[in-house]
Amino acid sequence: MELQRLAFSFFNGEVASRYWLDIVHGMWVTTYLAAAVVIAGLGTGLALAMARSFQLKVASFFIVVFADAFRALPPLVVIIVLFFAFPYVDLAMSAFTATWLALSLVLAAFAEEIFWAGILSVPKGQTEAARSTGMSRLQTLVYVILPQAVRLTIPPLTNRMIAITKGTALGSVVAVHEIIYYASSGASEAGNPTPLTLGAAAYVVLFLPVVILSRWVETRFAWKR
Amino acid sequence: MDQIIQVFFNAAIFERAWPFIWRGVQMTIALSFVVVPIGIGSGLAVAMLNHLHHKWLSRALMAYVDFFRAFPPLVLLLFIYGGLPFLGIDLPLFATVALAFLLNTSSYYGEIFRAGLESVPAGQAEAARSTGLSRAQTMLWVILPQATRNVLPDLVGNTLEVIKLTTLASVVGFTELLNNARNAQALTYNATPVVAAALIYLVLLWPLVRLVSRLEHKSIVVR
């Protein structure tokens, strides 16, 4: 009897058949949002780390302040400030844009720190040797330093990317139509938590392969000297 | 400029919202002080069980850790919050939130401690055992201190992440800082409370960010 009630509540076929299409649509939005965050976040983070490597005092100072601030601020707080506070000064943005921008800023901050640590880990002699062959500073960075630095950054970057793309679920708070939005609105509409089970399953389907892949990446690119 | 100050840094609104915000700060700190030790303790337990090198136990723990690392914490929280009543279980909100965090944080801390335990060479345990220390003593006095030191940057970094995670509790109406700030914003039609909350998080967590940076930098230089 207990088991039957459990099945009726959490694995209700009739409820599932009504809501699974919504969840699949949510999965598409989640994937799309996550991809956009990864591209913008990693790109910005790399650009900032490169800018910092030119060691201009003022620029470096602002990059460090940016990276520190967005590593300290909880992502949900950033989303809420962008979405709820900015409209007061006529800077309204869609829920999707606010979530994308917030998560990209946070990822950029972490990525900048990771890339910067990677750049620092390459011995100075490499730069000196490259420069003395007549390469410009930018060429040295792109062709000599970064290829060596990036390898070391792959494990921590992978972990951070997983953590932040999981943050796409936070978009549901400002009603981005991703998995959790459909799952929780479905659950309250049907008076049955089956849509939440579907939503949870959807996340496992999307993220479990990534987590398992990250284990492989970690051993493949581990620090070895 | 005037408009920005009026909307984002309004002193009158801030003064009205402050008791509310202050209450939220206290709840955030209280929640952190419950969630972080539970997470560290349970993560350590997961890693030590894994360290027994029992084949099936280790596989089960690995599956547990991967499963909850794949699961967004907000999803876990909403699932537990929305699902438990259907099981006839009625937990206070604080306990519901703590339970959701326990499942999430134990897997992250567990993974960190696992890496730490593995980083200690086997010779250390053998040497300790041959001096007559019991297995428990070896773990406690020889392996664990070295393991913890080796993964200290990750431990502190994850603690920072866990404290930031406490903001998720606002989604289920737990009266922590973000929740109270949002309510104050809705009541006053002014962004000041939310901006103030963001600044409070910044002030509280910045030292921790600096600490993580220093520890990480040190660990790279040492290598």
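All values reported here derive from a predicted model rather than from experimental measurement.

Cut-offs applied
- Residues numbered from 1 in each chain as written.
- Chains lettered and ligands numbered in written order.
- Predicted model: local features only at pLDDT ≥ 70, side-chain atom pairs only at ≥ 80, totals over all residues.
- Heavy atoms only, no water.
- Contact = heavy atoms within 4.5 Å.
- Buried area = accessible area lost by both parts, 1.4 Å probe.
- Salt bridge = Lys/Arg side-chain N within 4 Å of Asp/Glu carboxyl O.
- Axes fitted to C-alpha atoms, helices over the stretch in contact; angles between N-to-C directions.
- Helix = DSSP H or I, 4+ residues; strand = E, 2+ residues; numbered from the N terminus.
- Parallel < 35°, antiparallel > 145°, perpendicular 65-115°, else oblique.
- Left-handed = near helix turned anticlockwise from the far one by under 90°.
- Nonpolar A, V, L, I, M, F, W, Y, C, P; charged D, E, K, R; others polar.
- pLDDT = per-residue confidence, 0-100.
- Phe/Tyr/Trp six-rings, centres within 6.5 Å; stacked < 30°, edge-to-face > 60°.
- Buried < 20%, exposed > 50% of the residue type's maximum accessible area, 1.4 Å probe, protein only.
- Lys NZ or Arg CZ within 6 Å of the ring centre and 35° of its normal.

### Regarding the interface of chain A and chain B
Right, so step 1: With 51 residues of chain A in contact, the opposing surface of chain B contributes 51 residues.
Right, so step 2: Buried surface at the junction of chain A and chain B, both sides included, amounts to about 4400 Å², of which 71% is carbon and sulfur.
Right, so step 3: Together, Y88(A), K166(A) and R215(A) form the three largest contributors to the area buried by chain A at its contact with chain B, with a combined 16%.
Right, so step 4: One can count four salt bridges joining chain A with chain B.
Right, so step 5: Its salt-bridge partner being R215(A), residue D66(B) comes within 2.9 Å of it at the nearest N-O pair.

### Some words on the packing of helix α7 (residues 137-166) of chain A against helix α9 (residues 194-220) of chain A
Residue and element names in this part refer to chain A.
Right, so step 1: With their axes 9 Å apart at the nearest point, α7 and α9 run at an angle of 165° to one another. Taken together, the axes of α7 and α9 lie roughly antiparallel to each other. Crossing of α7 over α9 shows left-handed handedness. From α7, R151, I154, P155, T158, N159, I162, T165 and K166 reach across to α9, where they touch F207, V210, V211, S214, V217, E218 and R220.
Right, so step 2: Looking at the contact of α7 with α9 residue by residue, the classes come out as seven nonpolar, four polar and four charged.

### Let's talk about the confidence of the model for chain B
Right, so step 1: When pLDDT is averaged along chain B, the result is 90; 98% of the residues meet or exceed 70.
Right, so step 2: Model confidence for the complex: the whole-complex pTM is 0.88, and ipTM, which rates the interface, is 0.87.

### Digging into the packing of aromatic side chains
Right, so step 1: With the rule as written, the count across this model stands at 17 aromatic pairs over all chains.
Right, so step 2: On the numbers, 5.5 Å between centres and 40° between planes, the contact of F14(B) with W18(B) is tilted. With F14(B) and W18(B) both in helix α2 (residues 11-51) and four residues apart, the pair spans about one turn of that helix.
Right, so step 3: Judged by relative accessible area, F14(B) falls into the partly exposed class, the value being 33%.
Right, so step 4: The partly exposed category is assigned to W18(B), whose relative accessible area is 33%.
Right, so step 5: The interplanar angle of 25° and the centroid separation of 5.9 Å between the aromatic rings of W18(B) and W22(B) together place this pair among those described as stacked. Taken together, the residues span about one helical turn, with W18(B) and W22(B) both in helix α2 at a distance of four residues.
Right, so step 6: Taken together, the ring pairs in this structure connect Y64(B), F67(B), F68(B) and F71(B) into an aromatic cluster.
Right, so step 7: For R160(A), the ring lying beneath its charged end belongs to F110(A), and the centroid distance is 3.8 Å.
Right, so step 8: Over the ring of W56(B) we find R59(B), and its NZ or CZ is 4.9 Å from the ring centre.

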